[in-house]
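The primary structure of each chain is shown beneath.
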Amino acid sequence: MKLKDFQIKEILEKYNVGNFKSKILVYNEWNTAYHIKTTQGDFLLKILNFQNEKELLKEIVIMNRIKNKIPCSFPILSSANKFYIKYEDSIVLIKQFIKGKPILRGEKLSNNNLVNLGRYYAIIHQTNNISHLPKKDLYSYLKKFFNKITKSSKEYKIAKSTFNLLNEQKFKPLQFPKGLIHADLHTENILVNKNKIVAILDFEDSHIGSFIYDLGICILDTCWRNNGLSQDRIKNFIRGYEQVRKLTPNEKENLINSAILAGLYTMHFSIIRNGINNKKNIDYYVIKRFLRLLAECR
């Protein structure tokens, strides 16, 4: 949903953030966001294209638990003392604008930031008082998802090969420690400014699940170097993580398997966006890494 100037002015009237001066479209994909300049400063206006109110409130509860522990972007209260407003049937919220850019390619994240990212992951995983949050097993979810798609499709055959490999490797998701996971913490959701992580974004997919799923997402995205996973980068990430939480032996043994499962998880999002038998589902750089890793482990 793109907005005209008069629409942004109407939204700003619901907040105490000053008068509108200018706007820049930041992105318009799963959600839409504008960098807004007002007489009181810089703000991020975000329109939720898919997330509903229940999911947003869950995300706000999670962020409220961790906002003093890791850098994140928290919604500003409206004049009605709410974290969001409804505008033309869409959910809209405003945050303080944080100067920074997503890395986009995880291998560009510095080693120091990789250590810090590991620590932030562990802080999220150590969050308490979350029993009311939804529980989800991504392994079971992905099996159900791929069992519903066309069996002759390339995507289904990749999924079948993945599950066969994980079964051979005796990957048993129910045996891993569980708690709060981000479930979408790739480098597009990390803002960096002056070589420092300044914000962790988008907790909308967070739920109670196995920590190893988060580890796999990060390893596949950030620990790749040239044509394969870098053991040195994995060690840096885990070094930061274990400053807060120690991995179990079972988790350490399954880090590569978790990266493979993370690749399948990424491909499932591409299918949701592009449909079955779409070349884009295979061409995304993270999925190419996943397929290379899958081939090497067969």
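Please read all numbers here as calculations on a predicted model, not as lab measurements.

Definitions and cut-offs
Residues numbered from 1 in each chain as written. Predicted model: local features only at pLDDT ≥ 70, side-chain atom pairs only at ≥ 80, totals over all residues. Heavy atoms only, no water. Helix = DSSP H or I, 4+ residues; strand = E, 2+ residues; numbered from the N terminus. Patch = residues over 30% accessible without salt bridge, like charges linked within 9 Å, V, L, I, M, F, W, Y side chains within 5 Å. Areas by Shrake-Rupley, 256 points an atom, 1.4 Å probe, with all protein chains shown as cover. Salt bridge = Lys/Arg side-chain N within 4 Å of Asp/Glu carboxyl O. Pairing = 2+ DSSP bridges. Contact = heavy atoms within 4.5 Å. Axes fitted to C-alpha atoms, helices over the stretch in contact; angles between N-to-C directions. Parallel < 35°, antiparallel > 145°, perpendicular 65-115°, else oblique. Left-handed = near helix turned anticlockwise from the far one by under 90°. Nonpolar A, V, L, I, M, F, W, Y, C, P; charged D, E, K, R; others polar. Buried < 20%, exposed > 50% of the residue type's maximum accessible area, 1.4 Å probe, protein only. Disulfide = S-S within 2.5 Å. Polar contact = N/O pair within 3.5 Å; in protein donor to acceptor, adjacent residues only side chain to side chain. Lys, Arg positive; Asp, Glu negative; His and termini not counted. Charge placed at Lys NZ, Arg CZ, Asp CG, Glu CD.

Notes on unusual backbone geometry
Here comes step 1: The phi dihedral of Glu88 is positive, around 50°, even though this residue is not glycine.
Here comes step 2: When you line up the elements, Glu88 lands in the loop between strand E4 (85–87) and strand E5 (90–96).
Here comes step 3: Positive phi, normally seen in glycine, also occurs at Asp202, with a value near 55°.
Here comes step 4: Tracing the backbone through its elements, the reader meets Asp202 in the loop between strand E9 (196–200) and strand E10 (207–210).

Points about a nonpolar patch on the surface
Here comes step 1: Where nonpolar side chains cluster on the molecular surface, the patch consists of Trp30, Phe50 and Ile272 and spans about 320 Å² of accessible area.
Here comes step 2: Tracing the sequence through the fold places Trp30 in the loop between strand E1 (20–28) and strand E2 (31–38).

Description of the sheet that holds strand E6 (residues 101–102)
Here comes step 1: Here three strands make up an open sheet; going across it, the order is E6-E8-E9 and the pairing antiparallel. This sheet does not close on itself; its edge strands, each paired only once, are E6 and E9.
Here comes step 2: The pairing of E6 with strand E8 (residues 190–193) spans two bridges and is classified as antiparallel. Considered in E8, the bridge of Lys101 is made with Val192.
Here comes step 3: Packing of helix H3 (residues 111–125) onto the sheet brings it into contact with E8 and E9, and relative to E9 it is tilted by some 30°.

As for the packing of helix H5 (residues 154–168) against helix H9 (residues 255–274)
Here comes step 1: Two numbers describe how H5 lies on H9: the axes approach to 11 Å, and their chain directions differ by 160°. Viewed along their axes, H5 and H9 adopt a mutual orientation that is roughly antiparallel. When the axes of H5 and H9 are compared, the crossing they make is left-handed. Here Glu155, Ile158, Ala159, Thr162, Phe163, Leu165 and Leu166 of H5 lie close against H9, whose contacting residues are Asn257, Ile260, Leu261, Leu264, Met267 and Ile271.
Here comes step 2: Of the residues contributing to the contact of H5 with H9, the split by class is 10 nonpolar, two polar and one charged.

Some details on the sheet that holds E1
Strands belonging to one sheet form pairs held by backbone hydrogen bonds; the direction of such a pair is parallel or antiparallel.
Here comes step 1: If you walk across this open sheet you meet the five strands as E1-E2-E3-E5-E4, and the pairing is antiparallel. Each having just a single partner strand, E1 and E4 make up the two edges of the open sheet. Neighbour-to-neighbour, the strand axes of the sheet open up by a mean angle of 30°, direction not taken into account.
Here comes step 2: Pairing between E4 and E5: three bridges, direction antiparallel. Opposite Lys86, over in E5, you have Ile91 as the bridge partner.
Here comes step 3: Set on the sheet, helix H1 (residues 5–12) makes contact with E1, E2, strand E3 (41–48), E4 and E5; between it and E1 the angle comes to about 105°.

What to know about the pattern of salt bridges
Here comes step 1: Within the structure shown, the criterion is met by 10 salt bridges.
Here comes step 2: Two residues, Lys37 and Asp42, come together in a salt bridge whose shortest N-O distance is 2.9 Å.
Here comes step 3: A relative accessible area of 35% places Lys37 in the partly exposed class.
Here comes step 4: Asp42 gets classed as partly exposed once you look at its relative accessible area, which sits at 26%.

Observations concerning the state of the cysteines
Here comes step 1: Counting across every chain of the model gives zero disulfides.
Here comes step 2: Left unpaired, Cys223 is separated from the closest cysteine sulfur, that of Cys218, by 5.5 Å.
Here comes step 3: Free cysteine Cys297: the closest other cysteine sulfur is in Cys223, separated by 15 Å.

Some thoughts on the environment of Tyr241
Here comes step 1: One can find Tyr241 in helix H7 (residues 231–241).
Here comes step 2: Using a relative accessible area of 0% as the deciding quantity, one classes Tyr241 as buried.
Here comes step 3: Each C-alpha atom, one on Tyr241 and one on Leu215, is 9.5 Å from the other, the two residues being 26 residues apart in sequence.
Here comes step 4: Excluding residues within four positions of it along the chain, Tyr241 makes contact with Gly118, Arg119, Tyr121, Ala122, His125, Phe211, Leu215 and Leu247.

Regarding the environment of Ser206
Here comes step 1: Note on placement: Ser206 falls in the loop between E9 and E10.
Here comes step 2: Looking at Ser206, the relative accessible area reads 1%, which means it is buried.
Here comes step 3: C-alpha of Ser206 to C-alpha of Ile11: the two residues are 195 residues apart in sequence and 28 Å apart in space.
Here comes step 4: Dropping the residues within four chain positions of it, Ser206 is found in contact with Lys58, Ile62, Leu180, Ile181 and His182.
Here comes step 5: Engagement of the side chain of Ser206 in a polar contact is seen with the backbone oxygen of His182, the distance being 3.4 Å.

Some remarks on a negative patch on the surface
Here comes step 1: A contiguous patch of negative charge, built from Glu10, Glu13, Glu88 and Asp89, is present on the exposed surface.
Here comes step 2: Following the sequence through the fold, Glu10 ends up in helix H1.
Here comes step 3: We classify Glu10 as partly exposed; its relative accessible area is 34%.

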